[in-house]
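Per-entry structural report
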Amino acid sequence: SSPSSLIVDTMTSLLRRSLPAKKVTAAAANARRCGISSTVPPRAIYESVCDLVGRTPVVKIQKLAPPGVDLFAKLEYFNPMASVKDRLALAIIEDGEKKGLLKPGQTVVEATSGNTGIALAMVCAAKGYPFVSVMAETFSIERRKIMRGLGAKVVITPKEFKGLGMVQKAQELAEKHGWFQTLQFENEANYKYHSNTTGPEILSDFANMRLDYWVTGFGTGGTFTGAGKMIKEARPDTKIILSEPANAAMVSSGTPQPEEKGVSHPAWEPHPIQGWSPDFIPGNTKVGMDLKLYDEIVPVSGDEAIATSKKLAALEGIFTGISGGATAAAALKVCEMAEPGSAVLCMIPDTGERYLSTPLFADVGADMDDEETELSLSTPNFQLSPPTTE
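Quick caveat: nothing in here was measured; it's all calculated off a predicted structure.

1. Describing the overall build of the chain
- A count of helices and strands for the chain gives 14 helices and 10 strands.
- Across the 390 residues of the chain, 53% fall into the buried class.
- Taking as baseline every contact in the chain between residues at least 6 positions apart, the subset at least 24 positions apart corresponds to 72%.
- When the accessible surface of the chain is totalled, it reaches about 18300 Å², and 55% of it is carbon and sulfur.

2. Here we look at the sheet that holds strand β6 (residues 180–181)
- One open sheet accounts for 4 strands, arranged β5-β4-β3-β6; its pairing is parallel. Two strands bound the open sheet, and with one partner strand each, they are β5 (153–157) and β6.
- In this structure, strand β3 (residues 108–111) lies alongside strand β4 (residues 131–136), joined through 4 bridges in parallel fashion. Considered in β4, the bridge of V109 is made with V132.
- Docked against the sheet, helix α5 (residues 141–149) engages β4 and β5, running at close to 175° with respect to β4.
- Its contacts with the sheet place helix α6 (residues 162–177) against β3, β4, β5 and β6, and it is angled at close to 155° to β4.

3. Some thoughts on the pairing of β3
- Here β3 shows no split at all, with V108 and E110 on one side and V109 and A111 on the other all buried.
- For β3 and β6, the ladder comprises 2 bridges, and the chain directions are parallel. By the bridge assignment for β6, V109 is matched with Q181.

4. With respect to the confidence of the model for the chain
- Mean pLDDT over the chain works out to 90, with 88% of the residues at or above the 70 mark.
- In the model, residues 1–8 has pLDDT below 50 throughout and makes 7 contacts with residues more than four positions away in sequence or in other chains.

5. Focus on unusual backbone geometry
- Residues other than glycine seldom take positive phi values, yet R55 does so here, at roughly 55°.
- Its place among the elements puts R55 in the loop between α2 (21–33) and β1 (58–60).
- Within the chain, N208 stands out as a residue other than glycine whose phi angle is a positive 65°.
- Judged by relative accessible area, N208 falls into the exposed class, the value being 60%.

6. Structural notes on the pattern of salt bridges
- As enumerated under the stated definition, the model contains 15 salt bridges in all.
- With a shortest N-O distance of 3.3 Å, D95 and K99 are connected by a salt bridge. Note that D95 and K99 are positioned in helix α3 (residues 85–99) at a spacing of 4 residues, about one turn of the helix.
- Given the relative accessible area of 56%, K99 is considered exposed.

7. Here we look at helix α9 (residues 222–234)
- Given a rise of 1.5 Å per residue, 13 residues ought to cover 18 Å, and the 18 Å separating the end C-alpha atoms of α9 matches this to within 8%.
- Taking the largest bend as the criterion, α9 deviates by roughly 25°, centred on G228.
- Most of α9 sits inside the fold, with 10 of its 13 residues counted as buried.
- Buried within α9 are the following residues: G222, T223, F224, T225, G226, A227, G228, M230, I231 and K232.

Parameters and conventions
Residues numbered from 1 in each chain as written. Predicted model: local features only at pLDDT ≥ 70, side-chain atom pairs only at ≥ 80, totals over all residues. Heavy atoms only, no water. Helix = DSSP H or I, 4+ residues; strand = E, 2+ residues; numbered from the N terminus. Buried < 20%, exposed > 50% of the residue type's maximum accessible area, 1.4 Å probe, protein only. Contact = heavy atoms within 4.5 Å. Areas by Shrake-Rupley, 256 points an atom, 1.4 Å probe, with all protein chains shown as cover. Pairing = 2+ DSSP bridges. Axes fitted to C-alpha atoms, helices over the stretch in contact; angles between N-to-C directions. pLDDT = per-residue confidence, 0-100. Salt bridge = Lys/Arg side-chain N within 4 Å of Asp/Glu carboxyl O. Expected span 1.5 Å × (residues − 1). Bend = angle between axes of the 7 residues up to and from the residue.

Spelled out as structure tokens, the structure:
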């Protein structure tokens, strides 16, 4: 990369922090007209791992998309702890610091399916805050170990109390011990950070290009509401497609979230898409619903999500989890009905490494299968001894 491109990319990064989306789009378009790439990182040396959050790449899907439609994926696993939740973790911690709500050395606590906990563990480690994660026992073992590896404590809640149970446990702990509760599901700093980063990144990358559909699921609703708001303001013709589990279709049910504390949404059922659709409609999701940001809802089954995740890995080299497979599955449904020449962008929230103990890898063994054993035997040396039985 030339020095001039690094300078322009640094300027573009600064513009993203200070200018409205339309002006950022214009600046990125000018850079492209000059033949300058907007994908080169603005610098190679960073003060903190927190400075690596955001500016994730967009990749064109080469094999899975139907002919005549361009499908793109924004790979959020390029964030330092490999998920989109790095954004909200940094946003909420820095917002708490700015407002004086988070004191130096104060313990941070959050209820999480795993990715937010991992992201908060990273940010808290970098900034010097103890962190306690509260997680229902149904979520993958890998997530617990990663958080503990980052110095966090993990409190496990019984599965029968679902997502609301872990939220209430986090609240109990915060009140009992005087901890700072991040409240990812309702904290406005979550979606506002996506308005300032994720949305402008997409607008910059697609400047002077078609962007007919943007596809996302929702966990907290931060990406949907924050990025969706910016996309709709800058490019109102872009259709926003919201996806949710077919057997937990809370938004498309039209039934509001019950106001009673601790009551699950009546349309929710257990599903394997970890990180998507807890058993309630989060406040940050409701903001986007009230703004009428989505144009259509596309449901996805757990089986579709898992199958698409496997296809992304085997055919595209994109190693994502079940939620990434779900979003891509919804995007592929959109591609099938989109007019020729359309451009579709879907969000890929995290990496497949978070799912090794889940149904996504249920048919993947650690030992050699018959075909691999045959390959090993095709040459004479360095053979594993057959397993012994006692």
